[in-house]
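# Summary of structural features
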Amino acid sequence: MASVDQRISFITLAVADIDATRRFYVEGLGWTPELDVPGEVIMIRTGQQLLLSLWERSHFETEVGAVMSGPGIAPLTIAHNVATPEEVDAVLATARSAGSPHVEDAVQRDWGGYTGYFADPDGFRWEIAFNPDPRLSAVVLANP
């Protein structure tokens, strides 16, 4: 039996208001879209072979199916690792100034790292992390 390549090409998030999402990611965080189709989708390169696809919810549901919704936080996080604890604080400050509806200040974790969280306009949680484990240093990129 053949194996599947161990990689992820896209992470797609269904969003309620694509314009608010654009303001947050593009104007607030300063990210540059690879593709921006007004009213439908924004795709942002976030790694060498990885795109974050922010898809307006109705378009997402047409292709994929109904989105589950309800109270609470989506059971996933998206991690953005940086090289220093100071960078963690700086990213969280940028998210706060971009209008994040939730920012959890970073703290020293029992496992040795330093992490905090912010939410985008749809409540998706981003973990901003400094992880001192040298085995994970390859995930910290200066630029995608």
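Residues numbered from 1 in each chain as written. Predicted model: local features only at pLDDT ≥ 70, side-chain atom pairs only at ≥ 80, totals over all residues. Heavy atoms only, no water.

## Focus: the sheet that holds strand 4 (residues 50-56)
Taken in spatial order, the 4 strands make up an open sheet running 1-4-3-2, and their pairing is mixed. Each of the sheet's edge strands pairs with one partner strand only, and the pair in question is strand 1 (10-15) and strand 2 (33-37). Strand-to-strand twist across the sheet, computed as the mean angle between neighbouring axes with direction ignored, equals 15 degrees. Strand contacts of helix 2 (residues 57-64): strand 1 and strand 4, with the helix running at about 100 degrees to strand 4, the strand carrying the most contacts. (Pairing = 2+ DSSP bridges. Helix = DSSP H or I, 4+ residues; strand = E, 2+ residues; numbered from the N terminus. Axes fitted to C-alpha atoms, helices over the stretch in contact; angles between N-to-C directions. Contact = heavy atoms within 4.5 Å.)

## Comments concerning the sheet that holds strand 8 (residues 125-130)
Read from one edge to the other, the open sheet built from 4 strands follows the order 5-8-7-6, with strand pairing classed as mixed. Across the chains shown, the open sheet's two edge strands, defined by having one partner strand only, are strand 5 (77-82) and strand 6 (103-108). Neighbour-to-neighbour, the strand axes of this sheet turn through a mean angle of 20 degrees, independent of strand direction. The pairing of strand 7 (residues 114-119) with strand 8 spans 6 bridges and is classified as antiparallel. Residue pairing in the sheet places A119 in a bridge with R125 of strand 8.

## Details of the packing of aromatic side chains
Inspection of every chain in the model, using the stated rule, returns 7 aromatic pairs. Their ring planes at 55 degrees and their centres at 6.1 Å tell us that Y25 and W126 sit as a pair that is tilted. Of this pair, Y25 sits in helix 1 (residues 18-28) while W126 sits in strand 8, and the two are 101 residues apart along the sequence. W126 shares its class with Y25; the two are buried. Relative to W126, the ring of F118 lies with its centre 6.0 Å away and its plane at 5 degrees, an arrangement referred to as stacked. Here the two residues F118 and W126 agree in accessibility, since each one is buried. Chaining the aromatic ring pairs together yields one cluster made of F24, Y25, W31, F118 and W126. (Phe/Tyr/Trp six-rings, centres within 6.5 Å; stacked < 30°, edge-to-face > 60°. Buried < 20%, exposed > 50% of the residue type's maximum accessible area, 1.4 Å probe, protein only.)

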